[in-house]
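Chain residues, written in single-letter form:
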Amino acid sequence: MVALYSRTKEPDLRDAVTLHYAGMVERIARRFAGSSEPIEDLAQVGFIGLLNALELFDPSKGVKFSTYATHLVAGEIKHHLRDKGKIIKEPAWLQELNQRINRITQSLAQELGRQPTAAEIAANMRMTEEAITEVLMTRDVFKVLSIDGATEEDDGDKPYDLDKMESQEEATFQLPIEDKMILETAVIHLKEVEQKVIHLFFYDGLNQTEIAATLDISCNYVSHILRHSVQKLRKILVTEDIKDRQLRIRYAPDCESDVMDDQTGLYGPDYFRSRLSEEIQRASLDGSKMSVIIVRFHGLEQLRSFYGDMTVGEFLTQAGSVIRANIRKLDVLCRADEFAFGVVLPHVDRLRVDIGDLLEEKLAEWINRLFSAKGQVGFYVGCADFPDDGSTLRELLAAALRSADRHDTALHQAA
């Protein structure tokens, strides 16, 4: 098709090629998920690169189109991110203050045989501890990074690492449940290795040497991940997207339209049943298989009584994000009722078992990070397949609920 388009330039061929490589564009866009730009926006920029590749590609050169297009798609996204970035000049007084902090830090490290605390640095500089911490935090603001990400060799020149500072607060890292939920919303946008390092450092209390041994990576790389992951989280947490969602949950928690659920931004229960009926009919006509998954949470009434509607709303919003991240692109995620989600899976056979198991695993990990009290909030997952478990909407939903009842809910409660 690419070779034919190079000769004819027919719009239909261009559309067919674009559709064929849509998955490749989305995969490349997800490489830049930590940039704080929405994946959908990055994918749209990537499609521009794909169209450019299609127009510029010369089949006679002997290069695969997929190889050629990959470079142009990634390049277009990189240029987009670079153009959106801002370089801020660091004031001279701040440069001088940072140099003084570096000199005193190095002197204290030699004297004490360890990295000094912010309080010790402040005492030597006759400044408050809060001021020293604030100055150290501003370094991330003025540091310009490659969008390709740094490697572990990039971290050797930094004379003082804020992430290695000894702190009395670090040992008692606890957040209110509301803040934990908001933090989890941001953490899900990090790369998998970044999520692991953040969890081991802040939740499990491991130091950088222990994290390096656990993940089989270098200490320098752990330091790099910690520093830049915190920087990414700071950017994500101040985005208007999260602010808008909190306001929507606070002021309109019960507002539901016929199609969209305003609380989570997902399709509502009416659409879920309508779409499920439609997919059942389609599967019966073409002889294919489809499935439905129900994820129901329990303990949210008690959570609401303690923390209010906003906390429950944020919990459900984040739960939807966790589910969405672990199902296929073509699967349809909806609210099934007040405390449940429904997933419609068209054209699925054996893969449904893998998707169901993955959802249980990821949801259990997520809830265990949120709640310290055992059984405070739990969930169960029920699955049903067409036509094996039923051939109508009522039969499939009943089968999914029966499947959920057979699960021991204690296995899914927070540890």
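What you are looking at is a predicted structure, and each value in this text was computed from that prediction instead of being measured.

Right, let's talk about the overall build of the protein for a bit. Assigned secondary structure in the protein consists of 19 helices and four strands. Considering the protein as a whole, with its 415 residues, one finds that 42% of them fall into the buried category. Here the analysis covers contacts within the protein between residues at least 6 apart in sequence; of these, 68% occur between residues at least 24 apart. Counting only carbon and sulfur atoms, one obtains 51% of the accessible surface of the protein, whose full area is about 22500 Å².

This part takes up a negative patch on the surface. Side chains of D354, D357, E361 and E365 sit close together on the surface and give a patch of like negative charge. Along the chain, the position of E365 falls in helix α18 (residues 351–370).

As a further point, take the sheet that holds strand β2 (residues 332–337). Strand order in the open sheet made by the four strands is β2-β3-β1-β4, with antiparallel pairing throughout. The open sheet terminates on both sides in strands that have one partner only, identified here as β2 and β4 (378–386). Shown here is a sheet whose adjacent strand axes are inclined to one another by a mean of 20°, direction ignored. In terms of strand pairing, strand β1 (residues 290–298) meets strand β3 (residues 340–345) through six bridges, oriented antiparallel. Within the sheet, the bridge partner assigned to V295 lies in β3 and is F341. Contacts from helix α17 (residues 309–324) reach β1, β2 and β3, with the element oriented near 20° to β3.

What follows deals with the packing of aromatic side chains. By convention here, two paired aromatic rings are described through the distance between centres and the angle between planes. Within the structure shown, the criterion is met by eight aromatic pairs. On the numbers, 4.0 Å between centres and 20° between planes, the contact of Y267 with Y271 is stacked. Look at Y267 and you get partly exposed, because its relative accessible area is 31%. In this structure Y271 comes out as partly exposed when scored by relative accessible area, which is 21%. Each member of the aromatic cluster is reached from another via a ring pair, and the members are F297, F315, F341, W366 and F379.

Further remarks concern the confidence of the model for the protein. Overall, the predicted model of the protein reaches an average pLDDT of 76, with 74% of residues at or above 70. Per-element mean pLDDT across the protein ranges from 46 in helix α14 (residues 240–251) up to 93 in β3. For the stretch residues 144–178, pLDDT sits under 50, and the model shows 57 contacts to residues farther than four places along the chain or on other chains.

What follows is about the pairing of β3. By the criterion of burial, β3 is predominantly enclosed, with six of the six residues buried. Along β3, one buried face is formed by A340, G342 and V344 and the opposite face, lined by F341, V343 and L345, is buried too. As judged from the five bridges shared by β2 and β3, these two strands associate in the antiparallel manner. Each residue of the ladder has a partner; that of C334, found in β3, is G342.

What follows concerns unusual backbone geometry. Residue P387 is bonded to the preceding F386 through a cis peptide linkage, with omega at 5°. Note on placement: P387 falls in the loop between β4 and α19 (393–405). Backbone geometry places K9, a non-glycine residue, at a positive phi of 55°. With respect to the helices, strands and loops of the structure, K9 is situated in the loop between α1 (2–8) and α2 (11–20).

Our focus in this paragraph is the environment of E26. Here E26 shows up in helix α3 (residues 22–30). Judged by relative accessible area, E26 falls into the partly exposed class, the value being 24%. As a C-alpha pair, E26 and G46 span 20 residues in sequence and 7.8 Å in three-dimensional space.

With that out of the way, let us pick up the pattern of salt bridges. One pass over the structure, following the stated rule, counts 13 salt bridges. A salt bridge links R282 to E278; its shortest N-O distance comes to 3.1 Å. With R282 and E278 both in helix α15 (residues 269–286) and four residues apart, the pair spans about one turn of that helix. For R282, a relative accessible area of 34% corresponds to the partly exposed category. Residue classification places E278 among the partly exposed positions, given a relative accessible area of 37%.

Conventions and cut-offs
Residues numbered from 1 in each chain as written. Predicted model: local features only at pLDDT ≥ 70, side-chain atom pairs only at ≥ 80, totals over all residues. Heavy atoms only, no water. Helix = DSSP H or I, 4+ residues; strand = E, 2+ residues; numbered from the N terminus. Buried < 20%, exposed > 50% of the residue type's maximum accessible area, 1.4 Å probe, protein only. Contact = heavy atoms within 4.5 Å. Areas by Shrake-Rupley, 256 points an atom, 1.4 Å probe, with all protein chains shown as cover. Patch = residues over 30% accessible without salt bridge, like charges linked within 9 Å, V, L, I, M, F, W, Y side chains within 5 Å. Salt bridge = Lys/Arg side-chain N within 4 Å of Asp/Glu carboxyl O. Lys, Arg positive; Asp, Glu negative; His and termini not counted. Charge placed at Lys NZ, Arg CZ, Asp CG, Glu CD. Pairing = 2+ DSSP bridges. Axes fitted to C-alpha atoms, helices over the stretch in contact; angles between N-to-C directions. Phe/Tyr/Trp six-rings, centres within 6.5 Å; stacked < 30°, edge-to-face > 60°. pLDDT = per-residue confidence, 0-100.

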